[in-house]
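One-letter residues, chain by chain:
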Amino acid sequence: MSLKRFFLISLAISFALAAILGIAAVALPNWRMRGEIVQTIALYGATSLLCLCCANALDKQKCKWLMVIGLFAAIAAFLFWLPNIWSWYFGNRSFHAPRDVIEKLAVTCQCVAVVAAHVGILLVIESAAIGFRIARLVAITGSMTFAICLLTNIWIGSDWISWEPFAIAAILASTGTLLAPILARVDVLRKAAQGEPMLKGRVSVRLTCPRCGEAQELFTGASRCRACKLKIVIGLEEPTCVCGYSLFGLTGEKCPECGRNLSETERWRGPGSRPEGD
């Protein structure tokens, strides 16, 4: 089972547990540990979501070292927060360090995991558009700057950095994050409207490794089997209409350029062969 699938199942489990807990909270209003269990499930769901974002980018070979750090940081933050939630049970038996140090370590790991997940989400979106690349860079820079300012104030002192850098970093991160996918989508629509070749980017293809038989999803270009590491090179020819218009990604019955009826074989129907990030 891949990491991506594991954490996706884990996230689904957290939603199911939250639903069960909601029913229990209504049926048992005087349940003593209700608050602790709610916080634990919320923490578990947040950890699963962060790990899922990192695992998805790791599965697509994006900044692997940062995604691995993000996975370990998310799990470490979960373990650091648990004694704080269940303080009446753990007391001081779990760690010998002061409680404020444990909380600082938890926040630090959480910040690292959030930044890694944020970077992972942005890296899986691919586009050659200059505006998209600038927006993605601004978003990543903003999130990293916000995390650095936050951790500096936590570990050194709350008055060491004023609120202005936080506000600027937050604005840059949020604006860049919103603009990046929008600009990537605009670039896809522009290329489709102009009939430009669109298979220059990577396209996912579902296949079975000829050596080990592992079923997986790889991208066009050079990649490796997830199981046996066999190098696999995938190339696709761009489909075009007789008028020269690119049929890449088109599912309609007519060519948008010349209006010619498209046959079944000319339509883009494969759910496993889609542009990465689309």
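Definitions and cut-offs
- Residues numbered from 1 in each chain as written.
- Predicted model: local features only at pLDDT ≥ 70, side-chain atom pairs only at ≥ 80, totals over all residues.
- Heavy atoms only, no water.
- Helix = DSSP H or I, 4+ residues; strand = E, 2+ residues; numbered from the N terminus.
- Buried < 20%, exposed > 50% of the residue type's maximum accessible area, 1.4 Å probe, protein only.
- Contact = heavy atoms within 4.5 Å.
- Areas by Shrake-Rupley, 256 points an atom, 1.4 Å probe, with all protein chains shown as cover.
- Patch = residues over 30% accessible without salt bridge, like charges linked within 9 Å, V, L, I, M, F, W, Y side chains within 5 Å.
- Salt bridge = Lys/Arg side-chain N within 4 Å of Asp/Glu carboxyl O.
- Pairing = 2+ DSSP bridges.
- pLDDT = per-residue confidence, 0-100.
- Expected span 1.5 Å × (residues − 1).
- Core = buried A, V, L, I, M, F, W, Y, C linked by side-chain atoms within 4.5 Å.

Visitor: I keep staring at the overall build of the chain and nothing clicks. Help me out?
Guide: When helices and strands are counted, the chain shows seven helices and four strands. Ordered by position from N to C terminus, the α and β elements of the chain give α-α-α-α-α-α-α-β-β-β-β. Evaluated residue by residue, the chain yields a buried proportion of 37% over its 278 residues. Taking all contacts inside the chain whose residues are at least 6 apart in sequence as the whole, residues at least 24 apart take part in 54%. If you sum the accessible surface of the chain, you get close to 16100 Å²; carbon and sulfur atoms cover 66% of it.

Visitor: Before we go on, may I ask you to explain a nonpolar patch on the surface in this structure?
Guide: A cluster of nonpolar side chains, contributed by I9, I13, L17 and I20, occupies part of the molecular surface with about 330 Å² of accessible area. Assignment of secondary structure puts I13 in helix α1 (residues 3-27). What makes I13 partly exposed here is its relative accessible area of 40%.

Visitor: What am I meant to see in the pairing of strand β4 (residues 231-234) here?
Guide: The side chains of a regular strand alternate between both faces of the sheet. The side-chain alternation of β4 yields one buried face, formed by I232 and I234, and one unburied face, formed by K231 and V233. For strand β3 (residues 221-224) and β4, the ladder comprises four bridges, and the chain directions are antiparallel. Its bridge partner lying in β4, R224 is registered against K231. As consecutive antiparallel partners, β3 and β4 are separated by six residues, and within that stretch K229 has a phi angle of approximately 65 degrees, a positive value.

Visitor: Please explain the confidence of the model for the chain as it appears in this structure.
Guide: Where the model shows low pLDDT, its predicted coordinates should not be examined in detail. Chain-level statistics for the chain give a pLDDT mean of 79 and a share of 80% at 70 or above. Across the chain, the element-wise mean pLDDT spans from 61 in helix α4 (residues 87-90) up to 90 in helix α6 (residues 130-155).

Visitor: How should helix α3 (residues 64-85) be read in this particular structure?
Guide: Helical geometry: 3.6 residues make up each α-helical turn, so side chains three or four residues apart lie on a common side. Over its 22 residues, α3 runs 32 Å from end to end, which matches the ideal 32 Å to within 8%, given 1.5 Å per residue. Along α3, the residues that are buried comprise L66, M67, G70, L71, A73, A74, A77, F78, F80, L82, P83 and I85.

Visitor: What's the story with α6 in this structure? I'm lost.
Guide: For α6, built from 26 residues, the straight-helix expectation of 38 Å at 1.5 Å per residue is met to within 8% by its first-to-last C-alpha distance of 38 Å. Three or more residues of α6 are buried, namely F132, A135, R136, A139, I140, G142, S143, A147, C149, L151, T152 and N153.

Visitor: What exactly am I supposed to notice about the pattern of salt bridges here?
Guide: Where charged atoms from two side chains of opposite charge come close, those side chains can pair. For the structure shown, the criterion picks out one salt bridge. Among the salt bridges present, the one from D59 reaches R226, with a minimum N-O distance of 3.7 Å. Here the residue D59 occupies a position in helix α2 (residues 34-59), and R226 occupies one in the loop between β3 and β4, the gap between them amounting to 167 residues. Taking relative accessible area as the criterion, D59 reaches 27% and is therefore assigned partly exposed.

Visitor: Explain the nonpolar core to me, please; I cannot follow it from the model alone.
Guide: It is characteristic of soluble globular proteins that their nonpolar side chains tend to be buried jointly. F7, C54, M67, L71, V119 and F132 are the most contacted members of the largest nonpolar core, which totals 39 residues. When contributions to this core are tallied by element, the ones reaching two or more residues are α1, α2, α3, α5 (99-123), α6 and α7 (163-194). With eleven residues, the single largest contributor to this core is α5. Residues in contact with V119, not counting those within four places in the same chain, are L66, M67, I140 and M144. Listed in part, the eight residues of the second largest apolar core include L21, L43, I85 and W86.

Visitor: Sorry, what's going on with the environment of L230 here?
Guide: Along the chain, the position of L230 falls in the loop between β3 and β4. Spatially, the C-alpha atoms of L230 and C209 are 8.0 Å apart, while their sequence positions differ by 21 residues. Excluding its chain neighbours within four sequence positions, the residues that come into contact with L230 are C209, P210, R211, S223, R224 and C225.

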